[in-house]
Amino acid sequence: MPDLTITIGGEAGQGVQTIGEVLSRILIRNGFYVFSIQDYHSRIRGGHNSVQVRFSDQPIQAIGTDMDLLVCLNPETQEIHQPALKKDGIMIGTISSTPSPSLPSSMISIHFNEMAKELGNRIFANIIAVGALIEILGIDEKIAELYLEENFQKKGKDIIRLNKEALALGQNEIRRHQISRKFLDKRNGSQNPGNLFIVGGNEALGLGAILAGCTFYSAYPMTPSTGVMNFISSRSKKYGIIVEQAEDEIAAINMAIGASYAGAKAMTATSGGGFCLMAEGLGLAAMTETPIVILDGMRPGPSTGLPTRTSQGDLEFVLSASHDEFPRFVFAPRDPQDAIDTMIRAFNLSDYFQVPVIILSDQYLADSNWTFSQIKVNEQPKNTQTVIGDQNYQRYALTESGISPRALPGMSDALVIADSDEHDEIGHLTEDLELRVQMHQKRMKKIEKMREKTRPPFYKAGKTATIVGWGSTYGVLYEAREKLAKSGVDVGLLHFNDIYPLSKDILTFIKSVPQPVVVEGNYQGQLARLLERETQTPFDCRINRYDGRPFFVNELVNQIREVLS
Amino acid sequence: MSPFRNQIEIAWCPGCGNFNLLTDLSEALSELGLKPSQVVLVSGIGQAAKAPHYIQANVFNGLHGRSIPVAFGIQAVNPELTVIAESGDGCMYGEGGNHLIHAIRRNPNITVIVHDNQVYGLTKGQASPTSETDFVSKTQPLGTVSESFHPIALAISQDVSFVARGFTGDKEGLKSIFKQAIQWKGFSLVDVLQPCVTFNRINTFGWYRDRVYPLPEEYDPEDQVSAFKKSLEWGDKIPLGVIYRHVKSVFSDRIFEKLGRKDFLNPTSNYQTVFEDEKPGFE
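Residues numbered from 1 in each chain as written. Chains lettered and ligands numbered in written order. Predicted model: local features only at pLDDT ≥ 70, side-chain atom pairs only at ≥ 80, totals over all residues. Heavy atoms only, no water.

## As for the overall build of chain B
Rules: Only DSSP runs of H or I with at least four residues qualify as helices, and only runs of E with at least two residues qualify as strands; both kinds are numbered from the N terminus onward. Residue burial is assigned from relative accessible area. The probe radius is 1.4 Å, only protein chains are included, and a residue is buried under 20% of its type maximum, exposed over 50%, and partly exposed in between. Note on definitions: a residue-residue contact is assigned when non-hydrogen atoms from the two residues lie within 4.5 Å. In these tables, accessible area is a Shrake-Rupley quantity obtained with a 1.4 Å probe, and a residue counts as shielded only by the protein chains included in the view. Under the counting rule used here, the positive set is Lys and Arg, the negative set is Asp and Glu, and His together with the chain ends is not counted. Positions of charges follow a simple convention, taking NZ of Lys, CZ of Arg, CG of Asp or CD of Glu.
When helices and strands are tallied, chain B shows ten helices and eight strands. Its C-alpha atoms give chain B principal-axis dimensions of roughly 70 × 45 × 40 Å. Counting every position in chain B, which comprises 283 residues, the buried fraction comes to 59%. A fraction of 71% describes how many contacts in chain B between residues 6 or more apart in sequence connect residues 24 or more apart. Taken as a whole, chain B presents about 11,300 Å² of accessible surface, with 51% of it coming from carbon and sulfur. Side-chain charges in chain B split into 26 positive and 31 negative, and the spacing between the mean points of these groups amounts to 3 Å.

## Comments concerning the side chain of R165 of chain B
Residues and elements named next belong to chain B. Note the cut-off: Any Lys or Arg side-chain nitrogen found within 4 Å of a carboxyl oxygen on Asp or Glu counts as a salt bridge.
Relative to the assigned elements, R165 resides in strand β5 (residues 162-167). No salt bridge is formed by the buried R165; the nearest opposite charge belongs to D191, separated by 4.2 Å. Among residues more than four places away in sequence, those in contact with R165 are I152, I177, D191, L193, E233, W234, I238, P239, L240, G241 and I243.

## Details of the interface of chain A and chain B
As a measure of interface size, the accessible area lost when the parts come together is often cited. This is how the line gets drawn: Buried surface area refers to the total accessible area, computed with a probe of radius 1.4 Å, that the two partners give up upon joining, counted for both partners together. Distance and chemistry together define a polar contact, namely a pair of N or O atoms within 3.5 Å, with one atom able to donate a hydrogen and the other to accept it when in protein, and with adjacent residues in sequence counting only for side-chain atoms on both sides.
Each partner contributes residues to the interface: chain A has 67 residues there, and chain B has 51 residues. Buried area between chain A and chain B, both sides added, is near 4,900 Å², and the carbon and sulfur share of it is 64%. At the surface where chain A touches chain B, the tally comes to five salt bridges. With a shortest N-O distance of 3.3 Å, D277 of chain B and K238 of chain A are connected by a salt bridge. Our enumeration of links across chain A and chain B arrives at 26 residue pairs in polar contact (both at pLDDT 80 or more).

## Let's talk about helix α6 (residues 171-183) of chain B
Test applied: By this rule, a helix spans an expected 1.5 Å times one less than how many residues it contains.
Taking 1.5 Å of rise per residue, 13 residues should cover 18 Å, and α6 of chain B covers 18 Å from first to last C-alpha, within 8% of that figure. Among the structural elements, α1 (17-31), β3 (82-88), β4 (110-116), β5, β6 (188-193) and β8 (238-245) of chain B are those in contact with the buried residues of α6 of chain B.

## A closer look at the nonpolar core
Cut-off, in case you're wondering: Definition of nonpolar core: a set of buried residues of the types Ala, Val, Leu, Ile, Met, Phe, Trp, Tyr and Cys, connected through side-chain atoms within 4.5 Å.
Ranked by size, the top nonpolar core spans 124 residues in total, and within it I6, F55, I92, F112, L137, M267 and L556 of chain A carry the most contacts. Element by element, the count of residues in this core is highest for helix α4 (residues 125-137) of chain A, at ten residues. Setting aside its immediate chain neighbours within four residues, F112 of chain A contacts V71, C72, L73, I92, G93, A125, I128, A129 and A132 of chain A. Judged by nonpolar contacts, the second largest core, of 96 residues, contains L315 of chain A together with V70, I74 and V160 of chain B.

This is the structure we're talking about:
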């Protein structure tokens with residue numbers, strides 16, 4: 001089975017992402033599963049950017065490690081990426097004329113820009129590079145041409161013709177060289193072309209929110225969550241969604257709470273630094289029992305940290321953010337399909353329990369694209385649970401479940417009184433300390449019913465040990481487990497998407513898994529510490545990474561072997 | 001008594017300027033023919049921010065400084081509601097100053113009423129953004145160093161849709177301003193001089209009474225430059241009334257223009273239709 005990894009590197013603004021996108025689309029149309037990820041610096045132009053495209057005729061769900069092909073749009077790319085190029089790998093593009101003897105990889109120097117200028121515009125350099133790539137790989141160019149026709153349909157026949165010429169130029173340039181290596185046995189993957197879907201993390205989170213019925217999105221742009229805002233904004237007219245760019249994250253969360261109080265399904269999104277500013281608002285949503293969905297796209301910190309890198313460092317923060325205690329859900333989707341479903345569940349559960357739901361994404365999920373043989377909506381979005389009240393309506397009526405019937409302002413004679421102070425059943429502020437106890441218990445006891453709504457972790461049993469993880473690392477852990485299994489190490493996988501609160505059954509179950517090895521993108525092992533606290537059982541075998549990069553299957557396989565030996 | 005007044009026990013000091021403000025606002029609401037269920041009062045934290053609890057209407061008593069974004073969110077998704085944000089000078093001009101500036105830009109159809117007593121009441125007597133320089137308090141025993149904030153001048157400089165100043169010692173004037181501000185289509189800011197009888201020994205009822213005067217009938221509140229000049233008048237003479245107004249398109253109308261939609265309480269299309277529409281984009 002082919003499993004190939006291509007990296008395209010260049011300056012920001014050189015078209016690195018376009019090449020990655022076009023190549024990915026052509027590959028899925030040829031029936032290949034693609035996993036692609038952007039690796040970019042916090043700059044608009046200049047700086048080094050790269051896109052990695054990994055593909056196979058079998059389902060894949062993780063970033064690749066060693067490269068088979070490297071496309072250099074600038075000299076820096078060679079310097080940075082050549083060490084990760086396989087010995088039989090091929091490098092094309094702007095490369096140094098004096099190849100080092102210690103690097104046996106084949107090199108083909110191609111001046112994409114100059115060739116593009118001959119076609120009349122530098123813009124064609126990207127498609128020339130794609131042409132070169134499909135020729136090296138041996139991909140069916142007819143499907144590539146069809147894709148160009150579809151993609152440039154709106155731009156007219158001339159543009160389509162020029163792009164096809166660019167594709168052919170790239171192909172011809174490669175044909176002049178001897179390629180030492182055959183990459184693919186056949187020109188197509190296993191699927192019938194047109195049957196695969198490629199979905200990015202941020203797109204999926206945005207789509208999930210729209211499907212859930214979100215009509216109000218207020219946020220302050222912050223990497224890596226801004227892509228969600230872009231996706232929803234691009235559809236705001238089509239589906240009638242207010243997308244408001246707030247003056248800061250404090251305003252963003254308070255606006256969303258206001259919209260939700262009035263009856264809209266509302267959300268906000270940010271990264272860790274913005275979430276810090278939202279902490280008081282999170283408590284406001286909890287105290288006023290106003291439903292809200294908050295997305296935290298994690299990146300390394302503290303403070304500004306590494307803005308365009310990935311992390312799983314915010315788990316403990318979001319579990320306890322804002323002062324005193326209140327129930328909340330914390331979910332961390334594993335991939336774009338799961339992101340769609342998680343978003344819908346988040347809105348449903350936030351509305352049902354009148355509690356905040358926090359979704360943890362990260363730069364790895366946000367900026368990666370996964371391929372699926374089908375995409376589905378596995379959760380059913382529910383209407384807002386509200387009542388028509390009368391003059392005796394009490395917003396915080398004490399009930400057995402702790403959930404008080406929710407009326408909306410202006411919909412009946414009922415007056416809806418919400419208060420950030422401790423309040424009585426009507427909603428007016430109170431200093432009655434016995435009532436305070438009742439109200440605190442009313443809010444807190446929701447957590448027992450919430451536990452019943454959380455989904456069990458993914459579990460595949462193994463004899464020797466169990467890899468434990470959460471959120472976006474699922475694909476990497478899954479592939480690492482398979483690799484270990486193939487080499488005779490029988491390890492299991494326990495992977496959490498619903499992190500908090502966990503049911504008693506789940507907590508009992510996880511105590512029984514053999515030799516847990518908790519793999520996390522943070523220093524302290526935040527999931528491990530949570531599980532220790534909740535189960536009173538040690539989860540002290542841990543693998544942690546906090547360099548801003550995602551986990552890689554090969555490295556992880558070695559690390560797991562090491563900790564088990 | 002106005003149907004907008006309720007029986008909740010009031011936690012203000014006897015003689016506080018807030019009492020008059022409460023009565024005048026409740027009367028203004030009923031004289032405008034509004035029903036309590038149509039009105040939402042949003043407040044922050046502070047003595048002034050307790051006012052909505054004493055009014056028979058929908059209430060969202062949120063965080064210190066954050067009443068304006070909440071009010072914006074409510075009005076954005078349900079423009080039928082009459083939304084009033086009400087709080088003190090510390091809440092609106094200190095903690096929430098940034099939101100005030102940006103609300104002027106957005107021009108939502110909300111009214112912001114600021115109980116401006118030039119001092120902090122709930123935290124017991126510290127200087128506020130509108131306290132005068134050298135104002136002495138427990139936390140500023142040597143007198144405040146900063147100069148005072150001029151909310152009306154700021155609002156006019158940003159071409160606010162409506163801004164007025166009232167005084168709790170001028171019942172008819174204040175009530176009339178409230179009515180105009182609530183009826184105004186757009187963002188309206190009402191700065192209300194409201195003496196603190198406990199912590200502000202300088203800006204007392206008498207101090208204000210000696211200085212305030214109603215804007216003359218010939219005053220033109222639609223000229224931004226002369227309104228700005230008028231807004232700088234402070235000290236010996238303090239003008240009361242509508243200082244500036246400018247008819248502008250409001251946030252919800254602009255949203256309606258762009259999205260073709262006013263009410264955001266339900267999604268426009270069925271989720272399955274949305275999904276089928278979006279699916280080909282991923283192929």
